[in-house]
Amino acid sequence: MKTGILATGITPPELLEQYGSYADMFVALLGNEDPEMTFEIFDVRDDDFPASIDSFDAWVITGSRCGVYDNLPWMQRLSGLIREIYDAGQPLVGICFGHQIVASAFGAKVEKYEAGWGVGLNTYRIEGDWGFLAGDEQDSFTINAMHQDQVLELPQNARLFASSEFCRYAGLVYDDRILTLQAHPEFSNDYERELVAARRGPTVPEAVADEALAGLETGQQPESERVARWMVKFLKRDY
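Below, the structure is looked at part by part. (Residues numbered from 1 in each chain as written. Predicted model: local features only at pLDDT ≥ 70, side-chain atom pairs only at ≥ 80, totals over all residues. Heavy atoms only, no water.)

### Here's the deal with the nonpolar core
Step number 1: Y124, F132, F141, F161 and W230 are the most contacted members of the largest nonpolar core, which totals 33 residues.
Step number 2: Of all the elements, helix α7 (residues 224–236) adds the most residues to this core, at 6 residues.
Step number 3: Beyond its immediate sequence surroundings of up to four residues, F141 is in contact with N122, T123, Y124, I126, F161, A162, L181, E223, R226, V227 and W230.
Step number 4: Formed by 31 residues, the second largest nonpolar core is a distinct cluster that contains V44, L92, I101 and L172. (Core = buried A, V, L, I, M, F, W, Y, C linked by side-chain atoms within 4.5 Å. Buried < 20%, exposed > 50% of the residue type's maximum accessible area, 1.4 Å probe, protein only. Helix = DSSP H or I, 4+ residues; strand = E, 2+ residues; numbered from the N terminus. Contact = heavy atoms within 4.5 Å.)

### Notes on the state of the cysteines
Step number 1: Scanning the model with the defined rule gives 0 disulfides in all.
Step number 2: No disulfide involves C96; its sulfur sits 9.4 Å from the nearest other cysteine sulfur, which is in C167.
Step number 3: For C96, a relative accessible area of 5% corresponds to the buried category. (Disulfide = S-S within 2.5 Å.)

### Describing the environment of S64
Step number 1: One can find S64 in the loop between β3 (58–61) and α3 (73–88).
Step number 2: Note: C-alpha distance between S64 and K233 (169 residues apart in sequence) is 24 Å.
Step number 3: Ignoring any residue separated from it by four or fewer positions in sequence, one finds S64 in contact with T8, G9 and F97.
Step number 4: At 2.7 Å, the side chain of S64 and the backbone oxygen of T8 are in polar contact.
Step number 5: A polar side-chain atom of S64 sits 3.0 Å from the main-chain amide nitrogen of C66. (Polar contact = N/O pair within 3.5 Å; in protein donor to acceptor, adjacent residues only side chain to side chain.)

### Re the packing of α3 against helix α4 (residues 97–105)
Step number 1: Where α3 contacts α4, the two axes come as close as 9 Å, and the packing angle between them is 75°. By the angle class used here, α3 and α4 are roughly perpendicular. Residue-level contacts link W74, M75, L78, S79, I82 and R83 of α3 to F97, I101, V102 and A105 of α4.
Step number 2: Residue classes in the contact of α3 with α4 are distributed as 8 nonpolar, 1 polar and 1 charged. (Axes fitted to C-alpha atoms, helices over the stretch in contact; angles between N-to-C directions. Parallel < 35°, antiparallel > 145°, perpendicular 65-115°, else oblique. Nonpolar A, V, L, I, M, F, W, Y, C, P; charged D, E, K, R; others polar.)

### A short note on the pattern of salt bridges
Two side chains of opposite charge can pair, provided their charged atoms sit close to one another.
Step number 1: Counted according to the given criterion, the structure contains 14 salt bridges.
Step number 2: The partner of R226 in a salt bridge is E223, and the shortest N-O contact between them spans 2.9 Å.
Step number 3: Of the residues examined, R226 reaches a relative accessible area of 8% and is grouped as buried.
Step number 4: Under the relative-accessibility criterion, E223 is labelled partly exposed at 22%. (Salt bridge = Lys/Arg side-chain N within 4 Å of Asp/Glu carboxyl O.)

### Details of the pairing of strand β11 (residues 178–181)
Step number 1: Both faces of β11 are covered, namely the face carrying I178 and T180 and the face carrying L179 and L181.
Step number 2: The pairing of strand β4 (residues 92–95) with β11 spans 4 bridges and is parallel. Pairing of G94 across the sheet is with T180, part of β11.
Step number 3: Here strand β10 (residues 171–174) pairs with β11 via 4 bridges, running antiparallel. What sits directly across from Y174, in β11, is I178.
Step number 4: Counting the residues in the hairpin turn of β10 and β11 gives 3 residues, including D175, whose phi is positive at 50°. (Pairing = 2+ DSSP bridges.)

Here it is as structure tokens:
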């Protein structure tokens, strides 16, 4: 199964060597779940786009420090590609910025959230019954988050998959073709800890960062492998 990774951002320079890029994290996360998956990475910020979607079976859109409301030329082109993938019926997973630009591509509002930043380990309620969750009886999941922007309304062709008090539209499914999540299954606690510490003060308010850092020291681990299992099932339509 050949999966195109549409990279919309990259790990901060001081963390890149140790943790790899966001695209690298997805290769590791999904490849560990299904070693038969193969990947090709496109840095769409540099206008590096696939020549055709026909050579691929599935797609992933990564996170980014950018905001979809910046409406840069590469974002406009990516939005068109998202709609093309959707119309072709190919499966796609979008994470954080990927979650947001998919919603924006289908007309939903994405803005900075008035309540501020969602950082550290966050727990989300699973809304509804979904085939790719078959055999998973839990009604919530916990993964790391790092965002100020949010999807603020439900796109017309989407259904709610996950939510929390802080992030109402934390997970969406579009006609069983696209699955998106606001938080990051690809972020380990070690990476999240260093990222939060690096952004404490200049970017993330100190009190918010400190609360997140304290939560990361409790011993609770993100349910990354569990969410990766859902993602692979969704991308392979194995449900």
